[in-house]
Amino acid sequence: MNQTPVPGGSLVPIALLWLLSGCASTAIDEQRAALGQFSTAQFSVKPAWLNSEIDRQQARAWVDALLQQPLAEDGAVRIALAYSPAYQALLADQAAASARITQSARLPNPVFAFERLLREGSGSRELEINRSLTLALLDLLTLPRTLQLADLRQRQLQLQTAAELLRTVTEVRQVWVQAVAARQRQEYFKQVMDAAEASAELARRMEAAGNFSRLQRAREQAFYGDAQSQQVRARLNADTTREELVRKLGLDDPQQQALKLPDHLPALPAIPQEQSKVLQAAINDRLDVQLARAELNHIAKSQGLVTVTSYVNGLQLKGERNSATGRPVQKGYELEFPLPLFDWGDARREEVHARYLAALNRTAEVGVNARSQTRQAYAAYHTAYELARHYQDEIVPLRKAIAEEMLLKYNGMLIGVFELLADARDQVGSVIGALDAQRDFWLADAALHASLLGQPPSLAGMEAQAMSVAADRGAAH
Amino acid sequence: MTNRRQFLTGAGLAMAAASVSPVALARLPELVSRDRPDTMPPLIPDSGQTYNPVVTLNGWTLPWRMNQGVKEFHLVAEPVVREIAPGMKARLWGYNGQSPGPTIEVVEGDRVRLFVTNRLPEHTTIHWHGQRLPNGMDGVGGLTQPHIKPGQTYVYEFVARRPGTFMYHPHADEMTQAAMGMMGMWITHPKGRHPLIDSVERDFCFLTNAFDIEPGSATPRTMTMLDFNLWTLNSRAFPGIDSLNVRKGDRVRIRVGNLTMTNHPFHLHGYEFIVTGTGGGPTPKAARCPEVTVDVAVGQMVQMEFLADEEGDWAFHCHKSHHTMNPMGHDVPNMIGVDTRGLAEKISGLIPDAMIMGDKGMADMQGMEMPLPDNTLPMMMGQGPYGPLEMGGMFTVLKVRRDQKAGDYSDPGWYAQPAGSMAYEWTGEAPATERQPGPDSDPQTMQVRKPGAQMEHH
């Protein structure tokens, strides 16, 4: 009577079921491997998973060493992917999502119920012990399909995280370009300000000596005032973009103090990327196309499952073994399922059908837009390249020639020093234009690379989709 | 002394290339042109009446062909390149290879026939400024004759009735063609002795000319009204203007014609001279004005004469001081008196090689040899025996030497000042300057009060 009855059946089927459900950590490892492959292939950089304090210390040491030198673009990307807390959070979210998908494909555990009832009355003592083992039968029957769907979801998660990586890398590249350009710009605006300052000071002295009127001096001083405001704004812009980069890389105070940006943006490539090569990049390899197709695939595969569960949303099998005092053991089974009387599941079927149509159209949309997006990104890239080349090869040398000729004229006392300084300001202005064009080229370059790989959607949508897997199967009883 | 044959073979001349058909040219006088800007020796006449020929500064006299008693000249109007001064060449329009064109010298009473060939891109005419002639020979395009189209040759024929100094210049699109440098001198010598025209040993002539040439370029801007930057005599600017070299004791005559847009007061150092004639002819002797500076208005010719009896190097120039400067910036602010300490480093930090100039005046400009735009003359040039001359534009020197040979117009070099006749620096003790004490205040002295001002004097 005090024995604990052993539930019926052997341990083996249970073990088999456990194995079939898949291992959560294996899935996460697969995710990591896939992401590492993608990242190495596209960017030659591997993300790092900092799981322990030791990992974090090592990463910190490595980042500190890298920050001893001026930080190049690939260095910034490496820090972002292998050190920055923001990206580590994304990676952890990826692991959580993967675990959730794995969870969603797990069979609910069989429920063992033990009931011990005692009736004690006048001299009689009745002990009743009921044991039962409940199994979610429908889940067991639909397990193969559920596993398949979970695999598809894992694959989708891989694509999602690849897209997230692409977005992070593109943003880091663009922020880095902005920071370096803003710093360079600040230097040039300072030069403009210095030239204006020399004019203003000379004008002030000329007015003091009686050679300039108040109006003439005020005009020169006004140029100086304008140049000062521009320089101050440029300084703020440099500070702002630098802080954005610091945030993207997740550097703390001593690290951001050590951060040195290069003096110049990288030089323009001799030849821009060929348009034909760009447009022929396979549509099917794009992340957005792959994602849309995976979603469509998943919905298509889940349609059958939903059809079944829309009629019968739960099926439970209960095995019972009851024993009572003085009575023989009672054994039996119970089968439980909801009847589709009030809810015959047509809404759910309609829903999944509509979602399928939506996914189908989205896939079509993405496929159609892919070419157009690529063309647009290439046009922006090529124009930015032409402009940057134009400034570098034509406008800046012309301005330099003008400045040289102006100096010759000044030597001959054909122009005065104010005109010479004003022309020097114009010359620096053209250099600033060249710098802006160069910066725009590198921004367009990062955007083109991102566009060729496929536009990344947001990670938040992924979690909602993971939830819907559980909804497809219905609440387990 | 050169005659025409020597002149033709010795001087660097070019025969005209054919843009006019050789058949048509066959009966014209041969085309003589020059491309060197030197002052040519006077052209002694080898036919027709004799006269004492003039010397054209940085120019020459056009030879003629005698054809049955008629002096035939051949002028060709064409684009030319003229060296304004060493280091600067200008693309101008002129006659027979140069701007200005060659001087035409004839004698009173000569019948002249002038063949004018037009090699310009547009039509032209030649007006014989100041001369008495038949109306149809006056050369005013549209009014007295049809224009000479490019490629055509027209013939002007008249008698040189009046002795004197004249000019010739286009009268078609006149502003452009004059701004491009088309003009020339015409001298009619008197027949025999003239009661009002003395004979002289040295007779010089030149025209004034002004251009606006952007520094770094070579073609003048023809639409400029006032803001010229190159002022020239015979299209030459100092130090490109040859000197007037005379022998002590010579009687000298200088003839000036003005075809710029403004008047020029010509000043001769060391002498008073007499204005003996204008474009209208020789002036009566009693009416001749002595002058040291004679103002030549636009379109006027002036003759001045003097006896060169003072030796030395005497400056002779237009007295408008900016006409004796080569191109300068008209808007450059004046830096005199401005404290520029500390600014020079700042500016050369921004613009290497830029120096602050002009805070002590402009004389430093000539001292510093600084690179200039191409084909641009420095504002001030010229080296004399005692230092920089700091001149440009319409400036030249009259050099009077006792040992200058008659008929020799070559440059004798600088004048050696005799001892004791030159300004020198005082190096002895300067006497103490006594300060005048102020006047004692005197209660009788009137105190001046401003009307209306209620001010208290203490």
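Our subject is the structure listed above.
The structure contained in this document is the topic of the report that follows. The model shown is predicted, which means the values in this text are computed figures rather than measured ones.

## A short note on the pattern of salt bridges
Residues and elements named next belong to chain B.
Thought 1: This structure, assessed with the given rule, holds 46 salt bridges over all chains.
Thought 2: As a salt-bridge pair, Glu157 and Arg113 come within 2.8 Å of each other at their nearest N and O atoms. A residue pair is termed long-range when its members are at least 10 positions apart, and Glu157 in strand β10 (residues 153-159) and Arg113 in strand β8 (residues 111-118) qualify at 44 residues.
Thought 3: Glu305 is the partner of Arg251 in a salt bridge, and the nearest nitrogen-oxygen pair spans 3.6 Å. Of the two residues, Arg251 is situated in strand β16 (residues 251-258) and Glu305 in strand β22 (residues 301-307); the sequence distance between them amounts to 54 residues.
Thought 4: By relative accessible area, Glu305 is classed as buried at 3%.
Thought 5: One salt-bridge network, held together by shared partners, links Arg65, Glu72, Arg111, Arg113 and Glu157.

## Thoughts on the sheet that holds strand β11 (residues 164-169) of chain B
All names here are of chain B.
Thought 1: Across the sheet, which stays open at both edges, the four strands sit in the order β7-β12-β11-β9 with mixed pairing between neighbours. Both edges of this open sheet fall to β7 (104-107) and β9 (127-129), since each of them pairs with a single strand only. Averaged over all neighbouring strand pairs, the angle between strand axes comes to 25 degrees, with direction disregarded.
Thought 2: Two strands pair when backbone bridges link them, and β7 and strand β12 (residues 184-189) are joined in this way by four bridges, in the parallel orientation. Looking at the pairing, Glu105 lines up with Ile187 of β12.

## Remarks on the interface of chain B and chain A
Thought 1: Contact with chain B, which involves 35 residues of that partner, is made by 28 residues of chain A.
Thought 2: For the pair chain B and chain A, the two sides together bury roughly 2600 Å², of which 73% comes from carbon and sulfur.
Thought 3: Broken down residue by residue, the surface that chain B buries against chain A is led by B:Leu343, B:Leu350 and B:Ile351, which jointly contribute 19%.
Thought 4: Applying the counting rule to chain B against chain A returns two salt bridges.
Thought 5: Of the charged contacts in the structure, one is a salt bridge between B:Lys346 and A:Glu197, with a shortest N-O distance of 3.3 Å.
Thought 6: Connecting chain B to chain A are nine residue pairs in polar contact (both at pLDDT 80 or more).

What counts and how
- Residues numbered from 1 in each chain as written.
- Chains lettered and ligands numbered in written order.
- Predicted model: local features only at pLDDT ≥ 70, side-chain atom pairs only at ≥ 80, totals over all residues.
- Heavy atoms only, no water.
- Salt bridge = Lys/Arg side-chain N within 4 Å of Asp/Glu carboxyl O.
- Helix = DSSP H or I, 4+ residues; strand = E, 2+ residues; numbered from the N terminus.
- Buried < 20%, exposed > 50% of the residue type's maximum accessible area, 1.4 Å probe, protein only.
- Pairing = 2+ DSSP bridges.
- Axes fitted to C-alpha atoms, helices over the stretch in contact; angles between N-to-C directions.
- Contact = heavy atoms within 4.5 Å.
- Buried area = accessible area lost by both parts, 1.4 Å probe.
- Polar contact = N/O pair within 3.5 Å; in protein donor to acceptor, adjacent residues only side chain to side chain.

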